[in-house]
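An overview of the molecular structure
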Amino acid sequence: MIEYRDVSVVRGGNAILDRVSLRIEKGEHVAFLGRSGAGKTTALKVINGLVGPSAGEILVDGAPMARHELPRLRRRIGYVMQQPALFPHRTVFDNVATVPRLLEWPEEKTRAEAERLLAQLELPLATFGARFPRMLSGGQQQRVAIARALIAAPEIVLCDEPFSALDPIIRAEMQSLFDGVVRASGAPPPTGAPEARTTRTTLVFVTHDVREALRIAGRVIVFDAGRVVVDTPADAFMSHQHPLVRRFVEA
Ligand SMILES: Nc1ncnc2c1ncn2[C@@H]1O[C@H](COP(=O)(O)OP(=O)(O)OP(=O)(O)O)[C@@H](O)[C@H]1O
Ligand SMILES: [Mg+2]
């Protein structure tokens with residue numbers, strides 16, 4: 001579903017991504033783990049064309065970026081940014097309705113789906129639907145951003161530390177809720193999908209949090225200084241001997 005072929009992103013003489021090669025299969029749930037500044041956000045942004053590689057190539061669904069129409073591709077990708085970037089002059093409902101309107105869903109369907117999803121995220125539409133982002137707490141804004149990213153059941157979901165502004169109680173609830181939400185969305189699963197944690201949605205989830213990574217993903221990819229230094233099934237992560245993995249586990 002997503003392939004990095006020797007991808008480098010160079011800015012100001014520094015390699016933010018340094019010859020990254022990866023294949024992420026359809027329906028896989030992958031965590032990108034790494035220290036601050038390791039290149040995780042950049043690695044997400046090349047998937048939806050927000051950042052262009054300086055060298056190498058990204059393929060989505062078998063086709064190189066240049067062959068995709070970006071607006072159309074982005075409608076297939078739900079992206080929860082590191083900073084919840086809601087449209088400030090749109091209400092909660094209108095924010096969540098962004099992609100359905102681009103897809104020209106009937107208004108009734110949009111409202112029903114928004115209501116269902118926002119209820120799951122503990123933001124009842126009746127209470128929050130007409131509010132503007134400035135009238136929400138940071139964690140509430142982040143949940144609206146999650147709803148906006150997921151409502152149209154995108155085939156690919158990119159999440160950049162989506163739970164970092166949430167309190168630990170709601171964060172834990174959100175992680176299990178998120179499993180359900182992601183599972184319920186997306187295209188039909190590929191036949192004979194081997195992984196237990198494989199679902200309809202291809203998920204790339206950026207986090208610093210080992211527990212969160214292991215809870216959400218079947219595979220963990222560790223970035224360090226723009227490089228992929230570890231690529232392991234989640235089950236084998238805790239006993240992996242790479243020094244950076246040891247530091248994460250010990251910390
Ligand atoms: N446009 C840019 N120009 C120059 N340097 C940049 C640019 N964007 C990112 N960087 C640098 O690239 C490195 C990787 O940034 P990136 O945002 O991908 O890190 P990250 O792994 O997501 O970190 P964090 O966990 O703090 O979010 C950082 O050192 C950052 O300062
Ligand atoms: Mg980041």
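No experiment lies behind these values; they were computed from the predicted model shown.

So, the overall build of the chain
Summing up its helical and strand segments, the chain has 10 helices and 10 strands in all. Here the C-alpha radius of gyration of the chain, 18 Å, is about what a compact globule of 251 residues would show, namely 18 Å. Over its C-alpha atoms, taken along the principal directions, the chain stretches across nearly 50 × 45 × 40 Å. Scored against the burial criterion, the 251 residues of the chain give a buried share of 50%.

So, the side chain of Thr42
Inspection of the secondary structure assignment puts Thr42 in helix H1 (residues 40-45). Ignoring anything within four residues of it in the chain, the contact list for Thr42 reads Val9, Ile16, Leu17 and Val51.

Points about the domain arrangement of the chain
In terms of domains, the chain is made up of domain 1 (25-51 + 69-76 + 154-251) and domain 2 (86-153). Counting the surface lost from both domain 1 and domain 2, the interface buries some 1,400 Å², and carbon and sulfur atoms represent 70% of this. Taken together, domain 1 and domain 2 are joined by 0 salt bridges. The interface formed by domain 1 and domain 2 contains 2 residue pairs in polar contact (both at pLDDT 80 or more). Broken down by element, the side of domain 1 that touches domain 2 gets its largest block of residues, 6 residues, from helix H8 (residues 168-184). A per-class count over the side of domain 1 that touches domain 2 returns 11 nonpolar, 3 polar and 4 charged.

Looking at the site of ligand 1
Near ligand 1, the surroundings consist of 13 residues, among which Ser36, Gly37, Lys40, Thr41 and Thr42 are the closest. The contact in question runs from an oxygen atom of ligand 1 to an N or O atom on the backbone of Gly39, over 2.9 Å. At 2.8 Å from an oxygen atom of ligand 1 is found a side-chain nitrogen or oxygen belonging to His208. When residues in the shell around ligand 1 are grouped by element, the largest group, 3 residues, is from H1. Residues that form the shell around ligand 1 fall into these classes: 2 nonpolar, 7 polar and 4 charged.

Some thoughts on the pairing of strand E2 (residues 14-24)
The side chains of a regular strand alternate between both faces of the sheet. Here strand E1 (residues 2-11) pairs with E2 via 7 bridges, running antiparallel. In the strand pairing of E2, Val9 is matched with Leu17. Counting the residues that bridge the hairpin from E1 to E2 gives 2 residues, and of these Gly12 lies at a positive phi of roughly 55°.

A short note on the sheet that holds E2
Sheet architecture is open: 4 strands sit in the order E2-E1-E4-E5, paired in antiparallel fashion. The open sheet is flanked by E2 and strand E5 (63-64), the only strands paired with a single partner.

Focus on helix H7 (residues 138-150)
Each turn of an α-helix holds 3.6 residues, which means side chains three or four residues apart point in the same direction. The end-to-end C-alpha distance of H7, which contains 13 residues, comes to 19 Å, matching closely the 18 Å that a straight helix rising 1.5 Å per residue would cover. Of all 13 residues in H7, 12 are buried, a share of seventy percent or more. Where H7 is concerned, the buried positions are Gly139, Gln140, Gln141, Gln142, Arg143, Val144, Ala145, Ile146, Ala147, Arg148, Ala149 and Leu150.

Overview of the coordination of the magnesium ion (ligand 2)
The magnesium ion (ligand 2) binds to the protein through Thr41 (OG1) and Gln82 (OE1); the donor distances cover 2.0 to 2.4 Å. Here Thr41 is found in helix H1, whereas its partner Gln82 is found in the loop between strand E6 (77-80) and helix H3 (92-96), with 41 residues between them in sequence.

Points about the side chain of Gln142
Along the chain, the position of Gln142 falls in helix H7. Apart from the residues within four sequence positions on either side, Gln142 is in contact with Gln82, Pro84, Glu161, Pro162, Phe163, Ser164, Ala165 and Leu166.

So, the sheet that holds strand E10 (residues 227-233)
In space, the 6 strands of this open sheet follow the order E6-E7-E8-E3-E9-E10, with mixed pairing throughout. Edge positions in the open sheet fall to E6 and E10, since each of these has one partner strand only. Sheet twist, expressed as the average angle between the axes of neighbouring strands with direction ignored, equals 15°. With 6 bridges connecting them, strand E9 (residues 219-224) and E10 associate as antiparallel partners.

About the cut-offs
- Residues numbered from 1 in each chain as written.
- Chains lettered and ligands numbered in written order.
- Predicted model: local features only at pLDDT ≥ 70, side-chain atom pairs only at ≥ 80, totals over all residues.
- Heavy atoms only, no water.
- Helix = DSSP H or I, 4+ residues; strand = E, 2+ residues; numbered from the N terminus.
- Rg over C-alpha atoms; globule rule 2.2 N^0.38 Å.
- Buried < 20%, exposed > 50% of the residue type's maximum accessible area, 1.4 Å probe, protein only.
- Contact = heavy atoms within 4.5 Å.
- Domains from an automatic or database assignment.
- Buried area = accessible area lost by both parts, 1.4 Å probe.
- Salt bridge = Lys/Arg side-chain N within 4 Å of Asp/Glu carboxyl O.
- Polar contact = N/O pair within 3.5 Å; in protein donor to acceptor, adjacent residues only side chain to side chain.
- Nonpolar A, V, L, I, M, F, W, Y, C, P; charged D, E, K, R; others polar.
- Near = heavy atom within 4 Å.
- Pairing = 2+ DSSP bridges.
- Expected span 1.5 Å × (residues − 1).
- Donors = N, O, S within 2.8 Å, 3.2 Å for Na, K, Ca; no water.
- Axes fitted to C-alpha atoms, helices over the stretch in contact; angles between N-to-C directions.

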